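Structural features, examined
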Amino acid sequence: MAVAIENLTVTDALEKLNAGIFTSVELTQAVIDAIREKDPDLCAYLSVDTDQALARAAEADQERASGGQGRLLGVPLAVKDVLNVKGQPCTCASRLLRGYTSPYDATAIARLRAEGAVFLGRTNMDEFAMGSTTENSAFKQTRNPAALDYVPGGSSGGSAAAVAGGEALAALGTDTGGSIRQPASFCGCVGLKPTYGRISRYGLTAFASSLDQIGSMTRSVRDAALLLEVMSGHDRMDSTSVDVSVPAYSEKLRDDLQGVRLGLPKEYFIEGMDPAVEQAVRAAVARCRDLGAEVVDVSLPHTDYAIATYYIIATAEASANLARFDGVRYGTRAEGATDPIDMYGKTRAAGFGDEVKRRIILGTYVLSSGYYDAYYLSAQKMRTLIRADFEKAFEECDALLTPVAPTPAYRIGEKATDPLQMYLGDVFTVTANLAGICGISVPCGATSDGLPVGLQILGPAFGEESILGVGHAFEQSLHGDD
Ligand code: GLN
């Protein structure tokens, strides 16, 4: 049968697969057809692994027929092109990694695969996850499904556009400073950034190792909970993955907010914020109050320093992590070098785009002797203060409500030549990564031009149950208005 996937969630798909309403092959084919039809406009995907996905879907159908119980059996997923999926490309949207094929699965992928997920394609992104618009991809410009002249956000812009634009039921992204939450907000889907250490980073191409976290783009909070419970948990291949038990998140969602205390950080409602964004977020806060939450004012006094702190730490770590891309082991090697040093230089000069080079230069500078104390060390101290701000705020409330970004999506090209302006747009998202806490972006409205706006719900470390609970109650109340 022809499967309608436009608004299908993973949870719905699983019910229908289990009820025999459609097969995984039919579902996977429907997603492939949607990609064929829509991707020439959206440009969300970098590659689609049709044959492997259909073969895996057929296996899933057989497993189901013989009683297979996988929690994601036969569900096709899209994956940001920064995570290793065995046998698929993993270019990080960089010329440097063109031609690279992953020899292994990232742990998050292996866990999804063990529950029967089908990996159907790789989504576009800013090169090495550096950016906020997907304009830094070396290969293509993904468009916002709500308005094709606008960016989808970034760096996981392809994943967000695929999910919101009807080309994927759900997708994986990564979030180092907002790269899941911000594109989810710009495109109108749910974006979950789990706590640092909740999901193993093994097999994720590192950008800034102390900030990176894998998460999901979905069409419902319930789906985010489901994917989280499959991917989470300790992994001996990543010593920063934490050995904390994994709750059955999808069974603990709530429908009201009785007894929940929500904080509004005053530093996140600032002058200069887009009025439509402020209005949508304030309306969302009122709705949470109507659902029974007590709303209190809180303060995160070091917020002003967050952008500077993030762009010192993230670039410092990136400059070290990207040293491995030298033409020796991965991807493309420049021709015509006279000796190894020349080969490294030529490969990196030709392989990296401007933003990646800018960050390697900045990061190398802040780590260099003479500047280390002034920049890197100061940033680390400030990071501790930012984390302490959150710890104090969470003594007064269960979760925080904030905008995801000060503006809706930008027009393509609008900020591309002004990196500093672009960095400032990350003001409400980088703090969660610096503090290591969890956050989710849930659609909460749109501007008069139809550009989506997201509500950010931040929770304490390992507080995913709270933010998913608040997000679900909020989302359900909106559906009641449909
Ligand atoms: N926009 C931020 C940056 O450019 C965040 C990126 C990310 O989370 N990967 O660094």
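The following paragraphs examine the structure supplied in this document. These figures come from a predicted structure and were not determined experimentally. (Residues numbered from 1 in each chain as written. Predicted model: local features only at pLDDT ≥ 70, side-chain atom pairs only at ≥ 80, totals over all residues. Heavy atoms only, no water.)

1. Here's the deal with the overall build of the protein chain
Tallying secondary structure elements over the protein chain gives 15 helices and 11 strands in all. For 482 residues, the compact-globule formula gives about 23 Å, and the C-alpha radius of gyration of the protein chain, at 21 Å, lands near that figure. For the protein chain, the spread of C-alpha atoms along the principal axes amounts to about 65 × 55 × 45 Å. Of all 482 residues assigned to the protein chain, the portion counted as buried reaches 60%. Taking the intrachain contacts of the protein chain between residues at least 6 apart in sequence as the baseline, contacts between residues at least 24 apart amount to 76%. By element, 50% of the accessible surface of the protein chain is carried by carbon and sulfur atoms, the whole surface being about 17,900 Å². Charge separation in the protein chain, taken as the distance between the mean sites of 43 positive and 61 negative side-chain charges, equals 5 Å. (Helix = DSSP H or I, 4+ residues; strand = E, 2+ residues; numbered from the N terminus. Rg over C-alpha atoms; globule rule 2.2 N^0.38 Å. Buried < 20%, exposed > 50% of the residue type's maximum accessible area, 1.4 Å probe, protein only. Contact = heavy atoms within 4.5 Å. Areas by Shrake-Rupley, 256 points an atom, 1.4 Å probe, with all protein chains shown as cover. Lys, Arg positive; Asp, Glu negative; His and termini not counted. Charge placed at Lys NZ, Arg CZ, Asp CG, Glu CD.)

2. Let's talk about the nonpolar core
Core analysis: the biggest nonpolar cluster contains 142 residues, and L112, F390 and L468 have the highest contact counts within it. Here this core gets nine residues from one element, more than from any other, and that element is helix 9 (residues 306-321). Setting aside chain neighbours within four positions, we find L112 in contact with L72, L77, A117, F119, L172, L227, V230 and M231. (Core = buried A, V, L, I, M, F, W, Y, C linked by side-chain atoms within 4.5 Å.)

3. Description of the site of the ligand
As a structural note, the neighbourhood of the ligand is formed by 15 residues, with T176, G177, S179, Y310 and R359 the closest of them. Between the ligand and A129 there is a distance of 2.8 Å, counted from a nitrogen atom to a backbone nitrogen or oxygen. Within the contact set of the ligand, an oxygen atom lies 2.9 Å away from a backbone nitrogen or oxygen of G131. Coverage of the ligand by the protein chains reaches 99% of its 290 Å² of free accessible surface. Its residues assigned to classes, the shell around the ligand shows five nonpolar, seven polar and three charged. (Near = heavy atom within 4 Å. Polar contact = N/O pair within 3.5 Å; in protein donor to acceptor, adjacent residues only side chain to side chain. Nonpolar A, V, L, I, M, F, W, Y, C, P; charged D, E, K, R; others polar.)

4. Some thoughts on the packing of helix 1 (residues 10-18) against helix 7 (residues 221-231)
In a packed pair of helices, the relevant descriptors are the angle between the two axes and the axis-to-axis distance. It is the contact of helix 1 with helix 7, at a shortest axis distance of 8 Å, that shows an interaxial angle of 75°. The orientation of helix 1 with respect to helix 7, classified from their angle, is roughly perpendicular. Facing V10, T11 and L14 of helix 1, the residues of helix 7 in contact are R222, D223 and L226. When grouped by side-chain class, the residues that make up the contact of helix 1 with helix 7 number three nonpolar, one polar and two charged. (Axes fitted to C-alpha atoms, helices over the stretch in contact; angles between N-to-C directions. Parallel < 35°, antiparallel > 145°, perpendicular 65-115°, else oblique.)

5. A few points about the pairing of strand 7 (residues 261-265)
Among the five residues that make up strand 7, four are buried, leaving the element largely enclosed by the rest of the structure. Here strand 7 pairs with strand 8 (residues 294-298) via five bridges, running parallel. Across the sheet, the residue bridging to G263 is V296, located in strand 8. In this view, the connection linking strand 7 to its parallel neighbour strand 8 by way of helix 8 (residues 275-290) has right-handed handedness. Taken together, the two bridges between strand 7 and strand 9 (residues 399-403) define a ladder with parallel strand orientation. Across the sheet, the residue bridging to G263 is L400, located in strand 9. (Pairing = 2+ DSSP bridges. Right-handed = clockwise from strand over helix to strand, strands pointing away.)

As far as function goes, none of this settles anything; it's purely spatial.
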